[in-house]
Amino acid sequence: MTTADISTEPTGQPAQETFPYERACPFSPPRQYAELIDRRPVAKVQLATGREAWVVSGLREARQILTSDKVSSSRTHANYPFYFDAPSQMRTDSSFIAYDPPRHTEARRKVAASFTHRNVLRLRASMERTTDACIDALLAAGPPADLHRLVSLPAPMAMICDLLGVPAEDREFLQQHGERLFGGTSSQAEREAAVVEVGTYLEDLVRRKEREPGDDLISRTVAAYRAEDGDYDVRDVVNTCRMLINGGHETTANHITLGVAALLEHPEQLAALVADPSLIHAAVEELVRWLGLGDLAVPRVALEDIEIGGEVIPEGDGILVLLQGANRDPRAFDQPDRLILARGSRRHIGFGHGVHLCIGADLARLELEIVLTRLFQRVPTLRLATPVGELRTKERAIVYGVWGLDVTW
């Protein structure tokens, strides 16, 4: 599994065998996913934390879970399937991503206007300037250079910070703390500290926006809470901002890095994209499907017994939807393990599904389109400086990816 050792077990029986991490390459899901889809698309497993949970690996079954009113996203449930010993704040201080309707609906609505397709398109010029500045930094560093550090990380961080109204000088602070919280190698104490320090910083920023509002998402969100709720809890805005920073940065950064590596490893697909730039929209959908990075982005807890995929998930049990498995389900996609940019299907669940569909999906799509287009236009001789098989992967991170990507040209 990408994020925790898991072991299969017949329903009601103790776990017997722990799966190792086994990938054919950094782009492939662990081989066990295919076995799960084929034999048991809904299966009970043991996580590395020692907790038991159900994993859902088939696309049809995943869609059922993600649209069911019989499951909860709330982290307050005892069996909520964290992949590590989570900081207490991750249970008590959450945003709408961990709320259930109607609370989820009300909280999401307060920020949704900033992420409409129309409003996202207005950011294109700013995204292009940011992307070009990052590519300038890559070229200035000279080959070989780490594309992940110089392009993939700073470009989406700049965009989400601009959208929120975070000062440019604070982006590095937020990026470092995000890596501590989600990278998979930090200790419990480091994760606790990251949550507290980012929360303190964002609370100070929200208070500043109260006094001096601007044309940014934080100011608009504060105004929305005040207009609807009067005396609101500042933590609601803080937690929403923290979620948007983490979700709008970490996932997009890893999609950029692995997307570039995937295209360089599939030169015929890259050549087709370069020859026909209009293919970029379909290419982004296919890359998001094929990479499927967020296996722990959609944990759930059963609110009542759920019969699905030939199994019954008992009330109170934790559930993980394996995006990498579901997006490679051969029952849903022809030749699912092949990267075919022209496929362009939106049937994948790379951005989630149901009421919790990623609020920033259109923003992420546009960022990926711009970065991939501008990068290969400006650096047509780009190639990997490190073989794919030698890349260090984020096996225990909430969002899968690689730690770096050295490129040359």
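Since we're looking at a predicted model, the values are computed, not measured. (Residues numbered from 1 in each chain as written. Predicted model: local features only at pLDDT ≥ 70, side-chain atom pairs only at ≥ 80, totals over all residues. Heavy atoms only, no water.)

### Some remarks on the overall build of the chain
Then comes step 1: A count of helices and strands for the chain gives 16 helices and 11 strands.
Then comes step 2: Computed over its C-alpha atoms, the radius of gyration of the chain comes to 21 Å, within 12% of the 22 Å expected for a compact globule of 409 residues.
Then comes step 3: Projected onto its principal axes, the C-alpha positions of the chain cover 60 × 55 × 40 Å.
Then comes step 4: Taking all 409 residues of the chain together, the buried fraction comes to 57%.
Then comes step 5: When contacts within the chain are restricted to residue pairs at least 6 apart in sequence, long-range pairs at least 24 apart make up 71% of them.
Then comes step 6: Taking the 46 positively charged and 58 negatively charged side chains of the chain as two groups, their mean positions are separated by 3 Å. (Helix = DSSP H or I, 4+ residues; strand = E, 2+ residues; numbered from the N terminus. Rg over C-alpha atoms; globule rule 2.2 N^0.38 Å. Buried < 20%, exposed > 50% of the residue type's maximum accessible area, 1.4 Å probe, protein only. Contact = heavy atoms within 4.5 Å. Lys, Arg positive; Asp, Glu negative; His and termini not counted. Charge placed at Lys NZ, Arg CZ, Asp CG, Glu CD.)

### Comments concerning the confidence of the model for the chain
Then comes step 1: The pLDDT averaged across the chain works out to 87; a share of 90% of its residues lies at or above 70.
Then comes step 2: Segment residues 1-20 is flagged for pLDDT under 50; beyond a separation of four residues in sequence, or across chains, it makes 68 contacts in the model. (pLDDT = per-residue confidence, 0-100.)

### Observations concerning the packing of aromatic side chains
Then comes step 1: Evaluation of the coordinates by the stated rule reveals 2 aromatic pairs.
Then comes step 2: Between the aromatic rings of Phe 27 and Trp 290, the centroid separation amounts to 5.5 Å while the plane-to-plane angle is 35°, which identifies the pairing as tilted. Here the residue Phe 27 occupies a position in the loop between strand 1 (8-9) and helix 1 (31-39), and Trp 290 occupies one in helix 14 (residues 280-291), the gap between them amounting to 263 residues. Neither residue differs from the other here; Phe 27 and Trp 290 are each classed as buried.
Then comes step 3: Lying over the aromatic face of Phe 333, Arg 289 brings its terminal NZ or CZ to 5.1 Å of the ring centre. (Phe/Tyr/Trp six-rings, centres within 6.5 Å; stacked < 30°, edge-to-face > 60°. Lys NZ or Arg CZ within 6 Å of the ring centre and 35° of its normal.)

### Side note on the layout of surface pockets
Then comes step 1: Computed from the structure, the largest pocket encloses a volume of approximately 230 Å³.
Then comes step 2: In terms of lining, the largest pocket is formed by 15 residues, of which the most central are Tyr 33, Ala 34, Ile 37, Arg 328 and Asp 337.
Then comes step 3: Within the residue set of the lining of the largest pocket, elements represented by two or more residues are helix 1 and helix 15 (323-326).
Then comes step 4: Examining the composition of the lining of the largest pocket, we find that 5 residues originate from one element, helix 1, more than from any other. (1 Å grid on protein atoms, 1.4 Å probe; cavity = no way out; pocket = protein on both sides within 12 Å on 5 of 7 lines; lining within 4 Å. Points joined across faces, edges and corners; volume = space filled by probe spheres on them.)

### A closer look at the nonpolar core
Then comes step 1: Counting 49 residues, the largest nonpolar core has Leu 147, Val 260 and Leu 382 as the members making the most contacts within it.
Then comes step 2: Where this core is concerned, the elements lending two or more residues are helix 6 (124-141), helix 7 (147-152), helix 12 (234-265), helix 13 (267-275), helix 14 and helix 16 (361-378).
Then comes step 3: The greatest single-element share of this core, amounting to 8 residues, is contributed by helix 14.
Then comes step 4: Look past the residues within four positions of Val 260 in its chain and what remains in contact with it is Leu 147, Leu 372, Leu 375, Phe 376, Leu 382 and Leu 405.
Then comes step 5: In terms of nonpolar packing, the next biggest core, distinct from the first, is built from 37 residues, Tyr 99, Val 198, Leu 217 and Ile 370 among them. (Core = buried A, V, L, I, M, F, W, Y, C linked by side-chain atoms within 4.5 Å.)

### Digging into empty space enclosed by the protein
Then comes step 1: For the structure on display, the rule yields 5 cavities of 30 Å³ or more.
Then comes step 2: Within this model, the second largest cavity holds a volume of roughly 80 Å³.
Then comes step 3: Forming the boundary of the second largest cavity are 12 residues, of which His 177, Gly 178, Val 198, Arg 242 and Asn 246 lie nearest the centre.
Then comes step 4: Elements with a minimum of two residues in the lining of the second largest cavity: helix 9 (171-182), helix 10 (188-211) and helix 12.
Then comes step 5: Ranked by the residues each element gives to the lining of the second largest cavity, the list is headed by helix 9, at 5 residues.

### Observations concerning helix 4 (residues 103-112)
Then comes step 1: Burial in helix 4 covers these residues: His 104, Ala 107, Arg 108, Lys 110 and Val 111. Each buried residue of helix 4 sits inside an arc of 150° when the element is viewed along its axis, so together they form one side. (Arc of directions from axis to C-beta.)

### A few points about the pattern of salt bridges
Then comes step 1: Counted under the stated rule, the structure contains 22 salt bridges.
Then comes step 2: The partner of Asp 215 in a salt bridge is Arg 220, with the nearest N and O atoms 2.9 Å apart.
Then comes step 3: Its relative accessible area of 75% is what places Asp 215 among the exposed residues.
Then comes step 4: Overlapping salt bridges bring together Arg 60, Glu 61, Asp 329 and Arg 331 as one network. (Salt bridge = Lys/Arg side-chain N within 4 Å of Asp/Glu carboxyl O.)

### Some details on the side chain of His 148
Then comes step 1: With respect to the helices, strands and loops of the structure, His 148 is situated in helix 7.
Then comes step 2: With a relative accessible area of 3%, His 148 lands in the buried category.
Then comes step 3: With sequence-adjacent residues up to four places away left out, His 148 is seen in contact with Leu 153, Pro 154, Ala 253, Asn 254, Thr 257, Lys 394, Val 402, Trp 403, Gly 404 and Leu 405.

### Topic: the side chain of His 104
Then comes step 1: Along the chain, the position of His 104 falls in helix 4.
Then comes step 2: On the basis of relative accessibility, which here comes to 3%, the residue His 104 falls in the buried class.
Then comes step 3: With sequence-adjacent residues up to four places away left out, His 104 is seen in contact with Phe 96, Tyr 99, Val 355 and His 356.

### Description of the packing of helix 12 against helix 14
Then comes step 1: Direction vectors running N to C along helix 12 and helix 14 enclose 100°, while the axes themselves pass 10 Å from each other. In terms of orientation, helix 12 lies roughly perpendicular with respect to helix 14. Contacts between helix 12 and helix 14 involve His 255, Leu 258, Gly 259, Ala 262 and Leu 263 on the former and, on the latter, Leu 287, Val 288, Trp 290 and Leu 291.
Then comes step 2: Of the residues that constitute the contact of helix 12 with helix 14, the class distribution is 7 nonpolar, 2 polar and no charged. (Axes fitted to C-alpha atoms, helices over the stretch in contact; angles between N-to-C directions. Parallel < 35°, antiparallel > 145°, perpendicular 65-115°, else oblique. Nonpolar A, V, L, I, M, F, W, Y, C, P; charged D, E, K, R; others polar.)

### Here we look at the pairing of strand 6 (residues 299-302)
Then comes step 1: Burial along strand 6 is two-sided: the residues Pro 299 and Val 301 and Arg 300 and Ala 302 are all buried.
Then comes step 2: Across 2 bridges, strand 4 (residues 71-72) lies against strand 6 in antiparallel orientation. Bridging from a neighbouring strand, Val 71 pairs with Ala 302 of strand 6.
Then comes step 3: Note that strand 6 and strand 9 (residues 318-321) share 3 bridges and pair antiparallel. Bridge pairing in strand 9 places Arg 300 opposite Ile 319. (Pairing = 2+ DSSP bridges.)

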